[in-house]
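# Descriptive analysis of the structure
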Amino acid sequence: MVTIAINHGTVVDTREKKCRKLHVGLEGSKVAVLSETPLEGEKVIDAAGYHVAPGFIDVHGHIDGALYPAELSACQGVTTTVGGNCGYSPADLEGFFREHEEQGFPIHQAMLVGHGQPLREAAGITDRYGPADQRQIEKMVSLAEKALREGACGISFGLDYVPGCAIEEVEALAALAARYGRICPVHTRLLTEGDLYSLFEIIKVAEQTGAHMLISHFVYQYCEGLVGEALDMVDRARERGLDIHIDSGMYTNWSTYFDTATFDLENICRNNWRWDQMVVATGRYKGRVMDEELFFHMKEHCPGEALIFFEGHEEEVYQCLVKDYAVPSSDTGSYARGEGHPQIAGTFPRYLRKMVREERLLSLEEAVYKATLLPARLFGLEKKGCLAPGMDADVVIFSTEEVRDQSDYPHLGMPDARPLGIPYVIVDGTCVVEQGRYQDTRTGKIIREWGR
């Protein structure tokens, strides 16, 4: 008898990219058996009519220890989140790891160390429009190496948020990550809407250092007609043997905070953005479409709120995610209830609905592989991404025909509305979602060991 028996489901084999009618037995925190006959268990889940897959791995999030976004991620089938993205991470990673190892968390957490914060700040760089000098670069490398030794899964860059950053900073840190065999997710610079130099410089970093670069939320960076050309650049770089992947969400309309360089007035004017392309995502003015008066009022009185910027075309999402080097990601953030961007609750259900059921751009098996085993391999998560004996007991059970996102933009609906069609999510052998209801468990672990 196993701890949990999942009987009568259709198992997605991510290694072979096939579906098979099998019964899955979980024993504690591991997959114990895949059987052709029904299993007995202390807990039995009837998965007839459902697909049974490894838990989704969200490679680009900003949960960073916050409980509510972890709950929303779990409800959409995510069992592992990668935090510390876009150059932002906790200043004391060792303390962060220790706290969450002691307290537990709803889902597993891996953390990157951020170039912009804490590394630049710790090196004494206070001007986001200023470059680091050689002494400061050496300080950042030293601090980053300490974080990698403590268990950071890589080094993240948010170059859009530190526009004055010198490429020497990126190269020095990327070379360090390459020596440790760790990944470098990069939120590229936003110079102008029609600019591709930001991508060119990251390809050059990969060429110069041998680092594994993961271009973050690719469709956000290169929508509005640039996606095709940008993907061609990545294709050519990979053909030359460079280790480059991309992640991308299911939306072209992106969100970030008002007090970042992205929403500096100079940047807005340089890109010819319109006020009505912006919607307030959080706080007192949530759901308000921006105008000039509100912009200057918020800059003075509530600069820490988040905005959503509307641009791009849905087809550009599909162009990104059909690439064999692309993985889906949410870019989820830590928002209060009822606030934020629909990606926080809808990304992975929308991915299955759009890419598999409606647009038929990916087979179910390929779509699940790209959300599980492929990201596991990119990050060196050797026990995740596949349902096989000895692998981690992280499981999502969903209906291909019923899975559906319900979240919407704050001026149109509820950004954190829960999805349909995902009745069970299991983290480390414990149901965190059961019969569609969140269980408030704390079996998620900090991940500190890496191999690739």
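Attention in this report is confined to the structure presented alongside it. (Residues numbered from 1 in each chain as written. Predicted model: local features only at pLDDT ≥ 70, side-chain atom pairs only at ≥ 80, totals over all residues. Heavy atoms only, no water.)

To continue, consider the overall build of the chain. Regarding its fold elements, the chain presents 14 helices and 21 strands. In terms of C-alpha radius of gyration, the chain reaches 21 Å, essentially the compact-globule figure of 22 Å for 452 residues. Across its three principal axes, the chain shows a C-alpha extent of roughly 65 × 45 × 45 Å. Put simply, the chain has 452 residues, and 63% of those count as buried. In the chain, the share of contacts with a sequence separation of at least 24, taken over all contacts with a separation of at least 6, comes to 75%. Surface accessibility of the chain: about 16900 Å² in total, with carbon and sulfur atoms responsible for 46%. (Helix = DSSP H or I, 4+ residues; strand = E, 2+ residues; numbered from the N terminus. Rg over C-alpha atoms; globule rule 2.2 N^0.38 Å. Buried < 20%, exposed > 50% of the residue type's maximum accessible area, 1.4 Å probe, protein only. Contact = heavy atoms within 4.5 Å. Areas by Shrake-Rupley, 256 points an atom, 1.4 Å probe, with all protein chains shown as cover.)

Okay, the packing of aromatic side chains next. Taken as a whole and judged by the stated rule, the model has 18 aromatic pairs. Between Tyr257 and Tyr335 the ring centres are 6.5 Å apart and the planes differ by 35 degrees, which places this aromatic pair in the tilted class. Taken together, the residues Tyr257 in strand 14 (residues 254-257) and Tyr335 in the loop between strand 17 (326-328) and helix 12 (343-358) connect sequence positions 78 residues apart. Here Tyr335 falls in the buried class, since its relative accessible area comes to 10%. When the ring of Trp275 is compared with that of Phe295, the centres are 4.7 Å apart and the planes differ by 45 degrees; the resulting orientation is tilted. Of this pair, Trp275 sits in the loop between helix 9 (265-270) and strand 15 (278-280) while Phe295 sits in helix 10 (residues 292-301); the two residues are 20 residues apart in sequence, bridging distant segments of the chain. Owing to a relative accessible area of 23%, Trp275 belongs among the partly exposed residues under this scheme. Under the relative-accessibility criterion, Phe295 is labelled buried at 1%. (Phe/Tyr/Trp six-rings, centres within 6.5 Å; stacked < 30°, edge-to-face > 60°.)

Here the focus is the sheet that holds strand 16 (residues 306-309). Strand order across the open sheet formed by 3 strands is 14-16-15, with antiparallel pairing between neighbours. If you trace the sheet from one side to the other, it starts and ends with strand 14 and strand 15, each paired once. On average, adjacent strands in this sheet sit at an angle of 30 degrees to one another, irrespective of strand direction. Relative to strand 16, strand 15 runs antiparallel, the two sharing 3 bridges. Directly across from Val280, in strand 16, lies its bridge partner Leu307. (Pairing = 2+ DSSP bridges. Axes fitted to C-alpha atoms, helices over the stretch in contact; angles between N-to-C directions.)

Within the structure shown, the criterion is met by 0 disulfides. Take Cys386: it sits in no disulfide, and the sulfur closest to it among the cysteines is that of Cys19, at 13 Å. Relative accessible area serves as the criterion here: at 3%, Cys386 is assigned to the buried category. (Disulfide = S-S within 2.5 Å.)

So, about the packing of helix 6 (residues 197-209) against helix 8 (residues 227-239). Two measures define how a pair of helices packs: the angle their axes make with one another and the distance between the axes. Running from amino to carboxyl end, helix 6 crosses helix 8 at an angle of 15 degrees, the nearest separation of the two axes being 10 Å. Between helix 6 and helix 8, the crossing angle belongs to the class labelled roughly parallel. Considering only the axes of helix 6 and helix 8, their crossing is right-handed. Together, Leu199, Phe200 and Ile203 of helix 6 and Ala230, Met233, Val234 and Ala237 of helix 8 make up the contact between the two elements. For the contact of helix 6 with helix 8, the residue count by class is 7 nonpolar, no polar and no charged. (Parallel < 35°, antiparallel > 145°, perpendicular 65-115°, else oblique. Left-handed = near helix turned anticlockwise from the far one by under 90°. Nonpolar A, V, L, I, M, F, W, Y, C, P; charged D, E, K, R; others polar.)

On to the side chain of Lys354, then. In this fold, Lys354 is placed in helix 12. Looking at Lys354, the relative accessible area reads 12%, which means it is buried. There is a polar contact of 3.1 Å between the side chain of Lys354 and the side chain of Glu314. Ignoring any residue separated from it by four or fewer positions in sequence, one finds Lys354 in contact with Met250, Glu314, Tyr318, Glu359 and Arg360. (Polar contact = N/O pair within 3.5 Å; in protein donor to acceptor, adjacent residues only side chain to side chain.)

Judged by pairing direction, the sheet is parallel, and its 3 strands sit side by side in the order 6-7-8 without closing on themselves. Either end of the sheet is taken by a strand with one partner, and the two such strands are strand 6 (56-58) and strand 8 (108-111). Neighbour-to-neighbour, the strand axes of the sheet open up by a mean angle of 20 degrees, direction not taken into account. With 4 bridges connecting them, strand 7 (residues 78-83) and strand 8 associate as parallel partners. For Thr81, the partnering residue across the bridge sits in strand 8 and is Gln109.

All chains considered together, the criterion is met by 30 salt bridges. One salt bridge in this structure joins Glu145 and Arg149, with 3.3 Å as the shortest N-O distance. Separated by 4 residues within a single helix, Glu145 and Arg149 lie in helix 4 (residues 134-150), roughly one turn from each other. Overall, the relative accessible area of 21% leaves Glu145 in the partly exposed class. Given the relative accessible area of 64%, Arg149 is considered exposed. A salt bridge links Arg189 to Glu201; the nearest nitrogen and oxygen atoms lie 2.6 Å apart. Residue Arg189 is found in the loop between strand 11 (183-187) and helix 6, and its partner Glu201 is found in helix 6; the two are separated by 12 residues along the sequence. Taking the relative accessible area as the measure of exposure, Arg189 reaches 10% and is therefore buried. Salt bridges linked by common partners bring Glu314, Arg350, Arg353, Lys354, Glu358 and Asp405 together as one network. (Salt bridge = Lys/Arg side-chain N within 4 Å of Asp/Glu carboxyl O.)

All quantities given are derived from atomic positions and should not be read as evidence of function.
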